[in-house]
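In case you want the letters, here they are:
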Amino acid sequence: MTSDSAFPAPPPGCPAHDSGLRVPLYGSEFAADPQAYYAHMRHYGPTAPVEIAPGVDATLVTDHATALKLLQDSGNFRKDARRWRDVAEGKVGPDSPVVPMLGYRPNAMFTDGAEHARLRQAITDSLAKVDSRRLSDMTKRASDYLIAQVAARGSVDLMNDYVKQLPLLVFNELFGCPADIGDRVVFGISGVFEGVNAEKANAVLGQAVFELVALKRAKPADDVTSYLMRHEARLTDEELVHQLILLLGAGAEPLRNLIGNTLHRLLLEDRYADGGLIEEAIDDTLWDNPPMANYAPHYPAADVEFGGTRLRAGDLVLVSMTAANTDPALAAARRAGGGRAHLSWSAGPHACPSKELARLVTMVAIENLLNRLHDIEIAVPEDSLTWRPGPFHRALAALPCRFTPQVVQRPNPPRTTEASARGENAPAGRKAERGVWGSFLSWLKG
């Protein structure tokens with residue numbers, strides 16, 4: 001590994017600047033200019049020492065070839081987070097902000113070997129039953145509903161009024177959630193990813209999904225929850241709950257970020273202005289600005305030399321999908337239209353099982369928005385846009401836009417409150433207000 005003295009200086013504001021400390025991935029400085037950080041980290045070699053939260057160390061793979069080797073090596077690198085040495089030794093506590101994303105759950109993401117294969121097959125087979133035309137219709141209904149809420153205003157924050165909510169509306173229908181359960185799923189997923197009252201949000205989510213499983217046991221239907229339930233893997237109720245939480249959570253954040261980052265590209269770059277280039281914009285976004293920038297946690301099964309770094313068994317190793325995708329070694333091949341694929345869907349045995357479904361939802365959500373609000377444009381200077389801090393995702397905090405106001409086709413639903421989303425009772429004598437999902441169902445009924 002090259003000595004630090006030979007490196008270019010870390011980006012201004014980086015705590016690693018002239019200190020020899022690990023490179024932090026969780027501050028606003030990193031969120032504002034991650035490519036400057038990746039450029040600095042590449043001088044360590046294929047891997048770099050990073051800090052993903054205060055006191056939480058990891059090794060980040062930044063080289064495409066090295067990342068692909070890691071993702072495909074299930075013998076030397078494992079996914080079971082119970083191997084995480086810093087947690088086992090008490091260095092990282094349960095209250096760390098990254099634990100909800102990295103902590104062990106008995107689902108397909110955090111298992112290995114035969115158990116992973118069994119759970120993965122149940123998920124893959126169940127998702128394969130989703131009809132693309134039906135999913136497209138679900139997405140368009142959710143899109144129409146969200147557009148109807150802002151059409152008369154002539155302005156919208158696309159991230160918070162559209163992008164953030166659309167995947168959850170689609171998933172609630174896809175998984176067969178009734179109104180009361182769906183509202184709590186929306187609250188739970190949002191809270192876990194935003195880190196706002198995450199412990200409470202996680203508990204609400206778990207309880208809601210547990211009730212969904214009980215409901216579908218009694219009355220199965222034509223939805224993904226019931227498909228999983230009927231699968232030959234014979235998942236227990238506990239296994240069902242954890243696979244559903246994985247699908248809801250792993251789908252919501254990456255999907256909303258893919259939609260948001262693609263809209264950001266479409267609305268700001270002139271080369272997409274003629275329209276008809278949505279699929280190209282999605283591909284370019286997956287290459288250059290993937291929705292999950294740094295993730296794919298792995299743990300060495302034994303002490304090993306990897307990517308120029310000596311790793312101990314149980315060390316946390318993450319893959320930077322963004323750094324790998326933008327690896328300078330790939331630039332020439334990508335310009336020529338060939339070369340290796342991007343890693344935004346991961347690779348190997350834990351590659352995303354629903355990438356085609358995600359692309360379809362993204363395509364329909366963007367196409368319907370641009371067709372309905374045909375003159376939409378960003379309402380603020382590009383340099384005033386900010387990105388949400390965090391080591392894992394790549395997402396705008398807001399995307400303010402304006403357009404010509406339109407006539408609202410259906411009445412606005414009742415105002416959503418956080419209490420109603422959690423399913424809490426209203427005060428005596430006062431009718432409980434609907435949450436996002438309940439309001440959407442009411443809107444569909446006209």
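Above this text sits the structure in question.
Residues numbered from 1 in each chain as written. Predicted model: local features only at pLDDT ≥ 70, side-chain atom pairs only at ≥ 80, totals over all residues. Heavy atoms only, no water.

J.: Quick question: what am I supposed to make of the overall build of the protein here?
T.: Summing up its helical and strand segments, the protein has 19 helices and eleven strands in all. Per-residue burial for the protein yields a buried fraction of 52% across its 446 residues. Counting only contacts in the protein whose residues sit at least 6 apart along the sequence, the fraction spanning at least 24 positions is 70%. (Helix = DSSP H or I, 4+ residues; strand = E, 2+ residues; numbered from the N terminus. Buried < 20%, exposed > 50% of the residue type's maximum accessible area, 1.4 Å probe, protein only. Contact = heavy atoms within 4.5 Å.)

J.: Is there a simple way to explain the sheet that holds strand E9 (residues 317-320) in this structure?
T.: Each strand in a sheet pairs with another by means of backbone hydrogen bonds, the pair being arranged parallel or else antiparallel. Within the open sheet, the six strands sit side by side as E1-E2-E3-E9-E6-E4. Their pairing is mixed. Of all the strands in the sheet, just strand E1 (23-24) and strand E4 (77-78) have a single pairing partner and so form its edges. Pairing analysis gives two bridges linking E4 to strand E6 (residues 294-300), with the strands arranged antiparallel. By the bridge assignment for E6, Arg-78 is matched with Tyr-299. Of the strands in this sheet, strand E3 (56-61), E4, E6 and E9 are in contact with helix H3 (residues 64-71), which crosses E9 at around 130°. (Pairing = 2+ DSSP bridges. Axes fitted to C-alpha atoms, helices over the stretch in contact; angles between N-to-C directions.)

J.: Hey, could you run me through the pattern of salt bridges in this one?
T.: Between side chains of opposite charge, a pair can form as their charged atoms come close. Inspection of the entire model under this criterion finds 25 salt bridges. Across the pair Glu-239 and Arg-118 runs a salt bridge, and its minimum N-O distance is 2.4 Å. Here Glu-239, found in helix H13 (residues 237-268), pairs with Arg-118, found in helix H6 (residues 113-128); they are 121 residues apart in sequence, far enough to count as distant. Here the residues in one salt-bridge network are Arg-22, Asp-57 and Lys-91, joined through shared partners. (Salt bridge = Lys/Arg side-chain N within 4 Å of Asp/Glu carboxyl O.)

J.: Could you clarify how one ought to interpret the packing of aromatic side chains in this entry?
T.: Given two aromatic rings, one states the distance between the centres and the angle between the planes to describe the pair. All chains considered together, the criterion is met by six aromatic pairs. Geometrically, the ring pair formed by Trp-84 and Tyr-299 is tilted, given 6.3 Å between the ring centres and 40° between the ring planes. Taken as a pair, Trp-84 in the loop between E4 and helix H4 (85-88) and Tyr-299 in strand E6 lie far apart in primary sequence, 215 residues in all. Taking the relative accessible area as the measure of exposure, Trp-84 reaches 2% and is therefore buried. You can call Tyr-299 buried: its relative accessible area is 0%. Between Tyr-295 and Phe-392 the ring centres are 5.4 Å apart and the planes differ by 75°, which places this aromatic pair in the edge-to-face class. Of this pair, Tyr-295 sits in strand E6 while Phe-392 sits in the loop between strand E10 (377-378) and strand E11 (400-402), and the two are 97 residues apart along the sequence. For the pair Tyr-295 and Phe-392, a shared accessibility class is recorded, and that class is buried. (Phe/Tyr/Trp six-rings, centres within 6.5 Å; stacked < 30°, edge-to-face > 60°.)

J.: What am I meant to see in the sheet that holds E11 here?
T.: Overall, antiparallel pairing links the three strands, which are arranged E5-E11-E10 in an open sheet. Each edge of the sheet is formed by a strand with only one pairing partner; in this case those strands are strand E5 (155-157) and E10. Pairing analysis gives two bridges linking E10 to E11, with the strands arranged antiparallel. By the bridge assignment for E11, Glu-377 is matched with Arg-402.

J.: Is there a simple way to explain the packing of H6 against H13 in this structure?
T.: Packed helices, taken two at a time, are described by their axes: the angle between them and the distance between them. The N-to-C vectors of H6 and H13 enclose an angle of 65°; their axes lie 12 Å apart at closest approach. In the crossing of H6 with H13, the sense of the turn from one axis to the other is right-handed. For the pair H6 and H13, the contacting residues are Glu-115, Arg-118, Leu-119, Ile-123 and Leu-127 in the first and Glu-239, Gln-243, Leu-246 and Leu-247 in the second. Split by residue class, the contact of H6 with H13 holds five nonpolar, one polar and three charged. (Left-handed = near helix turned anticlockwise from the far one by under 90°. Nonpolar A, V, L, I, M, F, W, Y, C, P; charged D, E, K, R; others polar.)

J.: How should I be thinking about the pairing of strand E2 (residues 47-53) in this particular structure?
T.: Along any regular strand the residues' side chains alternate between the sheet's two faces. With six of its seven residues buried, E2 lies for the most part within the structure. As judged from the two bridges shared by E1 and E2, these two strands associate in the parallel manner. Its bridge partner being in E2, Val-23 is matched across the sheet by Val-50. Bridge count between E2 and E3: six bridges; the pairing is antiparallel. Bridging across to E3, Ala-53 finds its partner in Val-56. Counted along the chain from E2 to the antiparallel partner E3, the turn is two residues long, and its residue Gly-55 has a positive phi close to 80°.

J.: Got a minute to help me understand the nonpolar core in this structure?
T.: Soluble globular proteins tend to bury their nonpolar side chains together. Among the nonpolar cores identified, the biggest contains 77 residues, and Leu-158, Tyr-162, Leu-166, Val-224, Leu-228 and Leu-399 are the most heavily contacted of them. It is H13 that provides the largest number of residues to this core, a total of 13 residues. Apart from residues lying up to four places away in sequence, Tyr-162 is in contact with Ser-143, Leu-146, Ile-147, Asp-157, Ala-365 and Leu-369. Grouped together as the second largest cluster of nonpolar side chains are 43 residues, Val-23, Phe-30, Met-101 and Met-321 included. (Core = buried A, V, L, I, M, F, W, Y, C linked by side-chain atoms within 4.5 Å.)

J.: Any chance you could explain H6 here in plain terms?
T.: Side chains that are three or four residues apart share a direction in an α-helix, a result of its 3.6 residues per turn. The terminal C-alpha atoms of H6 lie 22 Å apart, and with 16 residues this matches the ideal 22 Å at 1.5 Å per residue to within 8%. Inspection of H6 places His-116, Leu-119, Ala-122, Ile-123, Ser-126 and Leu-127 among the buried residues, and these make up the whole buried set. Looking straight down H6, one finds its buried side chains confined to an arc of 135°; they lie on one side. Projecting away from the buried face of H6 at angles above 90 degrees are the exposed residues Gly-113, Ala-114 and Ala-128. Residues of H6 that are buried sit in contact with helix H12 (224-230), H13 and helix H17 (355-372). (Expected span 1.5 Å × (residues − 1). Arc of directions from axis to C-beta.)

J.: Whenever I open this one, the environment of Asp-112 confuses me. Can you help?
T.: Relative to the helices and strands, Asp-112 resides in the loop between helix H5 (99-102) and H6. At 2.9 Å, the side chain of Asp-112 and the backbone nitrogen of Lys-79 are in polar contact. (Polar contact = N/O pair within 3.5 Å; in protein donor to acceptor, adjacent residues only side chain to side chain.)

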